[in-house]
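Residue-level structural notes
This is what each chain is made of:
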Amino acid sequence: DVYTDELATHAEHTAAQLRSLQQLIRLNCGNTTYDSRSSICCNGVVQPLKFGENTACCGTRSFSSKDSICCNGVLLPSSGGYNRCCGTKNYNPNNGVCCNGTVLPSTGGFNACCGNKN
């Protein structure tokens, strides 16, 4: 009957959608499958989402992006406000400038680098 055929088609469609959703939730990390609702993949290592939506990766470690910043693989405490990376150091661009990996104090106005000088 038509109703049974429609119901069967709907059930197949729903099952296909469920399989697609499960594939979105279950992801691969290196050789490990993990649940993206509770974990994050950091360079091939599964880490728990300890900090919820603020969980980020620094190399193979997870960290709170509210409390820290990762600069070229080095995890540093956040100084609050506007953190930026300068090589493996963090700085606030409101009062400093990064010149070739060296943080220099801002001179006010427009800052530009000339070698390692501001």
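Residues numbered from 1 in each chain as written. Predicted model: local features only at pLDDT ≥ 70, side-chain atom pairs only at ≥ 80, totals over all residues. Heavy atoms only, no water.

1. Quick look at the overall build of the protein chain
- Summing up its helical and strand segments, the protein chain has one helix and 12 strands in all.
- Moving toward the C terminus, one meets the helices and strands of the protein chain in the order α-β-β-β-β-β-β-β-β-β-β-β-β.
- Going through the 118 residues of the protein chain one by one, you find that 21% of them count as buried.
- Residue pairs in contact within the protein chain that sit at least 24 positions apart in sequence constitute 0% of those at least 6 positions apart.
- Accessible surface computed for the protein chain: about 8100 Å², of which carbon and sulfur atoms make up 52%. (Helix = DSSP H or I, 4+ residues; strand = E, 2+ residues; numbered from the N terminus. Buried < 20%, exposed > 50% of the residue type's maximum accessible area, 1.4 Å probe, protein only. Contact = heavy atoms within 4.5 Å. Areas by Shrake-Rupley, 256 points an atom, 1.4 Å probe, with all protein chains shown as cover.)

2. Section: the pattern of salt bridges
- A full pass over the atoms with the stated rule returns one salt bridge.
- Between Arg37 and Asp35 there is a salt bridge, with its nearest N and O atoms 2.7 Å apart. (Salt bridge = Lys/Arg side-chain N within 4 Å of Asp/Glu carboxyl O.)

3. Focus: the state of the cysteines
- Tallied over the full model, the rule gives five disulfides.
- Residue pairing for Cys42: its cysteine sulfur links by disulfide to Cys57, the two sulfurs lying 2.0 Å apart. Judged by the sign of its S-S torsion, about -75°, the bond between Cys42 and Cys57 is left-handed. Of the two residues, Cys42 sits in strand E3 (residues 39–42) while Cys57 sits in strand E5 (residues 55–58), which places them 15 residues apart along the sequence.
- On the accessibility criterion, Cys42 (0% relative accessible area) is buried.
- Through a disulfide, Cys71 is tied to Cys85; the S-S separation comes to 2.2 Å. For the disulfide bridge between Cys71 and Cys85, the dihedral angle about the S-S bond is near -85°, and by the sign convention the bridge is left-handed. Here Cys71 is found in strand E7 (residues 68–71), whereas its partner Cys85 is found in strand E9 (residues 84–86), with 14 residues between them in sequence.
- Using a relative accessible area of 0% as the deciding quantity, one classes Cys71 as buried. (Disulfide = S-S within 2.5 Å.)

4. Topic: the environment of Asp67
- You can see Asp67 is positioned in the loop between strand E6 (61–64) and E7.
- Residues Asp67 and Pro77 lie 10 residues apart in sequence; the distance between their C-alpha atoms is 6.1 Å.
- Residue contacts for Asp67: discarding those within four places in its chain leaves Pro77 and Ser78.

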